Amino acid sequence: MSRRVRRRTAAATGAVRARCTVTVCRGCRCGTVAKVPRLDHGARLADLRTALAGVAMIRRTDCLDACERYRS
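Sequence positions are assigned chain by chain, starting from 1 and proceeding in written order. Per-residue local features are limited, in this predicted model, to residues with pLDDT of at least 70; the limit for side-chain atom pairs, both in listing and counting, is 80 or more; totals at the level of whole chains, interfaces and linings are taken over all residues. Each side-chain value is worked out from all heavy atoms of the structure, with water and hydrogens disregarded.

Details of the overall build of the protein chain
Thinking step 1. Under the scheme used here, helices are H or I runs from DSSP no shorter than 4 residues and strands are E runs no shorter than 2 residues, and both carry numbers assigned from the N terminus. In terms of helices and strands, the protein chain carries two helices and two strands.
Thinking step 2. The helix and strand sequence of the protein chain, counted from the amino end, reads α-β-α-β.
Thinking step 3. When accessible area is computed with a 1.4 Å probe and restricted to protein chains, residues below 20% of their type maximum are described as buried, those above 50% as exposed, and intermediate ones as partly exposed. Taken across its 72 residues, the protein chain has 15% of its residues classed as buried.
Thinking step 4. A sequence separation of at least 24 residues applies to 72% of the contacts in the protein chain between residues at least 6 apart.
Thinking step 5. Residue burial considers only the protein chains on display, and all accessible areas are found by Shrake-Rupley using a 1.4 Å probe. For the protein chain, the accessible area works out to roughly 6100 Å², and carbon and sulfur atoms hold 54% of it. Only heavy atoms enter the contact rule, under which two residues are in contact if any of them lie within 4.5 Å.

Written as structure tokens, this is what we have:
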């Protein structure tokens, strides 16, 4: 089956397209007031969710384990 036929079939059956997921660190260091004190972290997360509504899902996590690689 060609790609064009698959797209038409999915659209005709009302299939929902999978959305991307963006994972945001809001734990240990990266997303805390201790690291970036002048940033409203809650508002920033809300803005990101609004900006990506319908395009991607936002997942909040406590740690991405990337701090060891990118010390600042």
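Still to come is the rest of the account.
A short note on the environment of Ile58
Thinking step 1. Assignment of secondary structure puts Ile58 in strand S2 (residues 56–61).
Thinking step 2. A sequence separation of 34 residues divides Ile58 from Val24, and the C-alpha atoms of the two residues are 7.1 Å apart.

Remarks on the pattern of salt bridges
Thinking step 1. Salt bridges, as used here, are contacts in which a Lys or Arg side-chain nitrogen is within 4 Å of a carboxyl oxygen on Asp or Glu. Under the counting rule described, the total for this entry stands at one salt bridge.
Thinking step 2. The salt bridge partner of Asp62 is Arg60, with a shortest N-O separation of 3.2 Å.
Thinking step 3. Judged by its relative accessible area of 49%, Asp62 is partly exposed.
Thinking step 4. Owing to a relative accessible area of 44%, Arg60 belongs among the partly exposed residues under this scheme.

What about the environment of Val24?
Thinking step 1. By the secondary structure assignment, Val24 is in strand S1 (residues 20–25).
Thinking step 2. Overall, the relative accessible area of 11% leaves Val24 in the buried class.
Thinking step 3. C-alpha of Val24 to C-alpha of Cys63: the two residues are 39 residues apart in sequence and 8.5 Å apart in space.
Thinking step 4. Not counting residues up to four positions away in its chain, the partners in contact with Val24 are Leu45, Leu48, Ile58, Arg59, Arg60 and Thr61.

Read these as layout, nothing more, since geometry by itself doesn't imply function.
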